[in-house]
Amino acid sequence: MSTEAPTQSVPAQAAAPDEEFPSSAEQYRRELLAHCYRMTGSVHDAEDLVQETYLRAWRAYHSFEGRSSVRTWLYRIATNVCLTALEGKDRRPLPTGLGQPGSTAGDPLDERGEVPWLEPVPDALVTGPEAAAETRESIRLAFVAALQHLPARQRAVLILRDVLRWKAAEVAEALETSTAAVNSALQRAHAQMEKVKASEETVGEPTPEQRELLERYVQAFWDKDIDAIVSMLTRDAIWEMPPFAGWYQGNDNIGRLVDTQCPGDRHDMPMLSTWANGQPAFGLYMRQDDGSFTPFHLQVLTLGKGGVQHVAAFFETTLFAKFGLPERLPADYAEPTADPVPAV
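These numbers come from a predicted model, not from an experiment. (Residues numbered from 1 in each chain as written. Predicted model: local features only at pLDDT ≥ 70, side-chain atom pairs only at ≥ 80, totals over all residues. Heavy atoms only, no water.)

1. Remarks on the nonpolar core
Counting residues in each nonpolar core, the largest one holds 72 residues, and the members touching the most others are Leu32, Tyr54, Leu74, Leu141 and Leu158. The element best represented in this core is helix H4 (residues 70-86), accounting for ten residues. Grouped together as the second largest cluster of nonpolar side chains are 32 residues, Ile229, Met269, Met286 and Ala313 included. (Core = buried A, V, L, I, M, F, W, Y, C linked by side-chain atoms within 4.5 Å. Buried < 20%, exposed > 50% of the residue type's maximum accessible area, 1.4 Å probe, protein only. Helix = DSSP H or I, 4+ residues; strand = E, 2+ residues; numbered from the N terminus.)

Right, dumping it as structure tokens:
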């Protein structure tokens, strides 16, 4: 699978009035997509909002006076495009963000299709091979989930100040407010992030030991070896799976969930590797009556010293195409024996 983000240019019928616009602006598309994703929690919405950002920038380029860099100007447009789009919209949570207690394996599954759930984002769309660790940390799933607890303008202030490192005066100008208002919003945002316990873990390329664990993890699902799966989860691991509202804590509890409520059996669940939110991820497929395999869910894993700390299993199967994963695997598919985790 290619790790290059797809290039979308300003529509031909809206060719820029100055040929300089595409060359000076297109290089920022990937990081603007990351910005809009942090703001919205949706890769689908982020792509649409980046396209709207470029359209607005093209229309206004004749009035761009160069008082700031093109990059800063584009971020200002993108931020306000996102704020407009978020007006009146519900936040995008994970099940753990709904405020209800954890579930026990065997409880009836509570599907909430009406909830606009948080989505994962493919690394290939928002980071390149040269991306710094801090860039990956700013798109990690736990951080983006925590951002969704903030009102939209507080979210914008925190991202512009803490992620992009803008000065308070620059943020105030972008949001057409005062520096004092920006500082107050940032203080409230920090307090809320502390309240939801936004985690401080870092993300990056797995260690050799973690790679070996991920190989065994893939094999365990292929074999539906519950004991092996449980052994690779930390004692307090969390499993959540939107659009189902329940979330499950504890490796034994999760093991019972996979054992009794997952429809797959031995050699029914192959997994293909990818990267999401700077973290290892796997598209899990399920065997069908004709022997072939179709998308079932996409797992995004958080690794810790003791094993897998958190699994978010997204049942929105349209995400497979976003991640460049095939829509079907043949009946004669053989579980790969090579390292399933590509390097970042």
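Still more ground to cover, so stick around.
2. Points about the sheet that holds strand S2 (residues 247-249)
Read from one edge to the other, the open sheet built from six strands follows the order S2-S1-S6-S5-S4-S3, with strand pairing classed as mixed. Looking at the sheet topology across the chains shown, the edges are occupied by S2 and strand S3 (271-276). Direction aside, neighbouring strands of the sheet carry axes that sit 20 degrees apart on average. Pairing between strand S5 (residues 293-304) and strand S6 (residues 307-314): seven bridges, direction antiparallel. When the sheet's bridge partners are listed, Leu298 is paired in S6 with Phe314. In the packing of helix H11 (residues 208-223) onto the sheet, contacts are made with strand S1 (233-240), S3, strand S4 (279-287), S5 and S6, and the angle to S5 comes to roughly 145 degrees. The strands touched by helix H13 (residues 251-261) within the sheet are S1 and S2, with S1 carrying the most contacts at an inclination of about 50 degrees. (Pairing = 2+ DSSP bridges. Axes fitted to C-alpha atoms, helices over the stretch in contact; angles between N-to-C directions. Contact = heavy atoms within 4.5 Å.)

3. Brief notes about the environment of Arg76
Within the secondary structure layout, Arg76 lies in helix H4. If near-sequence neighbours (up to four positions away) are discounted, Arg76 is found in contact with Trp166, Glu173, Ala174 and Glu176. Among the polar contacts made by the side chain of Arg76, one reaches the main-chain carbonyl oxygen of Glu173 at a distance of 3.1 Å. (Polar contact = N/O pair within 3.5 Å; in protein donor to acceptor, adjacent residues only side chain to side chain.)

4. A few points about the pattern of salt bridges
Scanning the model with the defined rule gives ten salt bridges in all. One salt bridge connects Arg216 with Glu212, and the closest N-O pair in it is separated by 2.7 Å. Linking Arg216 with Glu212, this pair stays in helix H11, spanning four residues, or about one helical turn. Given a relative accessible area of 39%, Glu212 falls into the partly exposed group. Ionic pairing is found between Arg328 and Asp290, a salt bridge with its closest N-O pair at 3.9 Å. One end of the pair, Arg328, is in the segment after helix H14 (319-322); the other, Asp290, is in the loop between S4 and S5, and 38 residues separate them in sequence. Of the residues examined, Arg328 reaches a relative accessible area of 44% and is grouped as partly exposed. (Salt bridge = Lys/Arg side-chain N within 4 Å of Asp/Glu carboxyl O.)

5. Let's talk about the side chain of Thr79
Tracing the backbone through its elements, the reader meets Thr79 in helix H4. Of note is the side chain of Thr79, whose polar atom sits 2.8 Å from the side chain of His35. Excluding residues that lie within four positions of it along the chain, Thr79 makes contacts with His35, Ala156, Leu160 and Leu175.

Fair warning: the whole summary comes from geometry, so function is off the table for now.
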